[in-house]
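Understanding the architecture of this molecule
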Amino acid sequence: MRQRTLVVGLLLLLLWLAGTSTTPPAAAQSPASEIIQLVNNFRVANGLPALQINNSLMIAAQQQADYMAANNIYSHTGYGGSSPQSRAEAAGYIGWVSENIVGGTSLTPQKGLIWWQNSAVHYANLVSTRHTEVGAGFASGFEQNFYALVIGNPNNAPAAPSPSNNSQPGAIRVLPFVMAQPGEDGSIVHIVQQGQALWTLAAYYEVNLQDILLFNGLSDGAIVNPGDRIIIRLGEGQSPPPTPMPPTSHIVRAGQTLWYIANLYQVELATLLWYNNLGADAVIQPGQELTIRLLEGQAPPPTPTPQLTYVVKSGDTLLAIAANFRLTLDQLTSWNNITTSTVLRIGQELFIRQPPEPTTVPTPEEEMVAAAPSPTSTPSSLNQPTANVQTQAVAAVVQPTATTTPIPVPDANAAAAEASAPSPSSRPDFGTYLGLGILTIVGAAFLFLQRQ
C-alpha cells in the first residue's frame, strides 16, 4: 500500500514538473520597442505628449536599420538612394517625417538615446511638437548595433516630394568602438577614431557632454579629428580647469533655427526670443547676431507683452499648437469655442491665452438716461406755478441786452419777512370787525335787560 502511494506521488510530481517546464518564458522587449519607450519617457518628462506607434513608420525605420547593418555605414540614404521621406511613403505613410540614426559596438537603446540628447539636430527631433507618430528599427551587423527612429506628422493629403536636405550627413563607414581603460589614477583618455564625434564619446562612456568640453577646454560645436586625445574622466586628485566664460551672442549659420540655437546653448526658447525682441514665428537669417546671455550687471530688455493669439500655418494641428505654447487641449479649445475635431484653416487666428472679458458699449438711449439730472424736491413754501418755472428757466438762459429792463432782485431779508407774515388772503377785513362788534353790543344789552 505504501509503495503504491509512493509511486502515485512520484508520478504527480513528474507531471507537475513537466507542466512548469513547458510554460513559455515572458517575451523580452525588442530593442526597437525599448528605444521608443525611452524616447516617450523623455518627452513626457519634458512636458511633451508621447508619440503614437505607426506601423508604416515601423517598416520604414526597420528597412534603414537593416540597410546600415548590411553595409556597415551610418546614413540617411538607403536602398536605391531612398530618403527617409520616400521610404515612409513607400511603406504607405501619408505625411511628413524626420529620422534619427545611431549605432555602435554593443550600443544599447539607453546609450543611443544619450547620443541623440547630446546632438542638437537629433535633440530637436526628440522634442518636436509637430510630429505625433513614431516608428523604430534595430539590426546588428559587423559586431555593431544599428538603430533608426522615424517620427511623422500625418496629413490627409498626399505628401509632397521631399526636398534635398544638404544638412543631412552623408554615409559614414564606421569602425568598432574600442573603449579606453582607466589609468592607475582612475583617469580615462580616449583616442579619437574615424567617424567618432564628441557626442559619440559622451554616449559610450555615459558622461555629460559639457564635462568633456570642460575637461578639454573645448567650446560647443568643437570638431575632433582621428588621433586626438580626449579626457573623459579626471584622475584622483586632479582638478578641472576653470570654467570658461560662456559666450553672450551667436552668429546664425545657414540651416540653423531658433530651436537649434536655444538647445545648443541650453537656454529656454522663450528667453532667447525675449533677449532678441522676437516673436514665436520669427524667421532668422544667416549672419544675424543673436543675444543668448546677458553680461554681468547688464539690464534685461523690457518684458514683452505676452502673445495673445496665434495664426494657423500649413501643417499645424491643435495638439502641436497646444504643446508649443504649453497649453492643454481643453484650454485651447475652450478659449476658441471649438472642439478637438475642428478642422483648422490656414490664416485662422486662435487665442493662446485666456481672452479678455468683452467690454459692454452703452447704447445712445443708455447714455441719455445716464446724462439726465436726477429730479430734486422743491419746498412747498416756494412752489410756483408752471408758467413761472418756465419763465424763470428762460430768464436764466437769456442774457439781458442794452434795451432790456433788469428784473429787480428782492432783498433776502424782505423775502424772509414776507414768507413768515400771513398772506393777504388770510387777514380779516373791516366789515368783519364791525359785524363782530355789533353782535357783542347786542348780546350785552340782552343780558342787561334780563337782569332787570
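This write-up is about the structure you can find in this document. Small disclaimer: the values here were computed from a predicted structure and weren't measured.

On to the side chain of Thr132, then. Tracing the sequence through the fold places Thr132 in the loop between helix 6 (120-126) and strand 4 (133-141). According to the relative accessible area criterion, Thr132 is buried, its value standing at 19%. Every residue in contact with Thr132, bar those within four places of it in the chain, is listed here: Leu51, Gln52, Gly152, Pro154 and Leu319.

Let us look at the environment of Thr342. Looking at the secondary structure, you find Thr342 in the loop between helix 12 (329-335) and strand 12 (349-351). Taking C-alpha positions, Thr342 is 8.7 Å from Leu318, a pair spaced 24 residues apart along the chain. Engagement of the side chain of Thr342 in a polar contact is seen with the backbone nitrogen of Thr339, the distance being 3.0 Å.

Right, let's talk about the nonpolar core for a bit. Ranked by size, the top nonpolar core spans 37 residues in total, and within it Trp116, Leu149, Leu198, Leu201 and Ile230 carry the most contacts. Sorting the residues of this core by element identifies helix 2 (31-45), helix 5 (109-117), helix 6, strand 4, strand 5 (144-154), helix 7 (198-205), helix 8 (209-215) and strand 8 (229-233) as the ones contributing at least two each. Those residues in contact with Ile230, other than ones at most four positions away along the chain, are Ile188, Val189, His190, Val192, Leu198, Leu201, Ile212, Asn216, Leu218 and Val224. Counting residues in hydrophobic clusters, the runner-up holds 14 residues, among them Leu57, Met68, Tyr93 and Ala139.

With that out of the way, let us pick up helix 2. The end-to-end C-alpha distance of helix 2, which contains 15 residues, comes to 21 Å, matching closely the 21 Å that a straight helix rising 1.5 Å per residue would cover. For helix 2, the set of buried residues is Ala32, Ile35, Ile36, Leu38, Val39, Asn40, Phe42 and Arg43. If you follow the buried residues of helix 2, they end up packed against strand 1 (52-53), helix 3 (55-71), helix 5, helix 6, strand 4 and strand 5. Where helix 2 ends, the next residue or the one after it, Gly47, has phi of about 80°, a positive value.

The next subject is the sheet that holds strand 5. Within the open sheet, the four strands sit side by side as 1-4-5-3. Their pairing is mixed. The open sheet is flanked by strand 1 and strand 3 (95-104), the only strands paired with a single partner. Bridging between strand 3 and strand 5 involves ten bridges; their strand directions are antiparallel. Each residue of the ladder has a partner; that of Val97, found in strand 5, is Gly152. Lying over the sheet, helix 2 contacts strand 1, strand 4 and strand 5, oriented at roughly 135° with respect to strand 4.

Here we take up the environment of Ala61. Note on placement: Ala61 falls in helix 3. You can call Ala61 buried: its relative accessible area is 0%. In this structure the C-alpha to C-alpha distance between Ala61 and Arg87, which are 26 residues apart in sequence, comes to 8.4 Å. Setting aside chain neighbours within four positions, we find Ala61 in contact with Gly135, Ala136, Gly137, Ala148 and Val150.

Here the focus is the packing of aromatic side chains. In the structure shown here, the tally under the stated rule is four aromatic pairs. A ring pair is formed by Phe42 and Tyr123, whose centres lie 5.9 Å apart and whose planes are at 75°; its orientation type is edge-to-face. A residue pair is termed long-range when its members are at least 10 positions apart, and Phe42 in helix 2 and Tyr123 in helix 6 qualify at 81 residues. Exposure remark for Phe42: the relative accessible area of 15% places this residue in the buried category. Given the relative accessible area of 19%, Tyr123 is considered buried. Taking the centre distance of 5.5 Å and the plane angle of 35° together, the rings of Trp274 and Tyr275 count as tilted. According to the relative accessible area criterion, Tyr275 is partly exposed, its value standing at 21%.

The next thing to look at is the packing of helix 5 against helix 7. Viewed as axis vectors pointing N to C, helix 5 and helix 7 meet at an angle of 145°, and their least axial separation amounts to 8 Å. For helix 5 against helix 7, the interelement crossing comes out right-handed. Contact with helix 5, carried on its side by Lys111, Ile114 and Trp115, involves Trp199, Thr200, Ala202, Ala203 and Tyr204 of helix 7 and no other residues of that element. Looking at side-chain class alone, the contact of helix 5 with helix 7 contains six nonpolar, one polar and one charged residues.

In total, this model carries three salt bridges according to the counting rule given. Close ionic contact of Arg87 with Glu99 constitutes a salt bridge, the shortest N to O distance being 3.0 Å. A residue pair is termed long-range when its members are at least 10 positions apart, and Arg87 in helix 4 (residues 84-90) and Glu99 in strand 3 qualify at twelve residues. Given the relative accessible area of 6%, Arg87 is considered buried. For Glu99, a relative accessible area of 3% puts it in the buried group. A salt bridge links Lys111 to Glu206; the shortest N-O distance between them is 3.9 Å. Of the two residues, Lys111 is situated in helix 5 and Glu206 in the loop between helix 7 and helix 8; the sequence distance between them amounts to 95 residues.

What counts and how
Residues numbered from 1 in each chain as written. Predicted model: local features only at pLDDT ≥ 70, side-chain atom pairs only at ≥ 80, totals over all residues. Heavy atoms only, no water. Helix = DSSP H or I, 4+ residues; strand = E, 2+ residues; numbered from the N terminus. Buried < 20%, exposed > 50% of the residue type's maximum accessible area, 1.4 Å probe, protein only. Contact = heavy atoms within 4.5 Å. Polar contact = N/O pair within 3.5 Å; in protein donor to acceptor, adjacent residues only side chain to side chain. Core = buried A, V, L, I, M, F, W, Y, C linked by side-chain atoms within 4.5 Å. Expected span 1.5 Å × (residues − 1). Pairing = 2+ DSSP bridges. Axes fitted to C-alpha atoms, helices over the stretch in contact; angles between N-to-C directions. Phe/Tyr/Trp six-rings, centres within 6.5 Å; stacked < 30°, edge-to-face > 60°. Left-handed = near helix turned anticlockwise from the far one by under 90°. Nonpolar A, V, L, I, M, F, W, Y, C, P; charged D, E, K, R; others polar. Salt bridge = Lys/Arg side-chain N within 4 Å of Asp/Glu carboxyl O.

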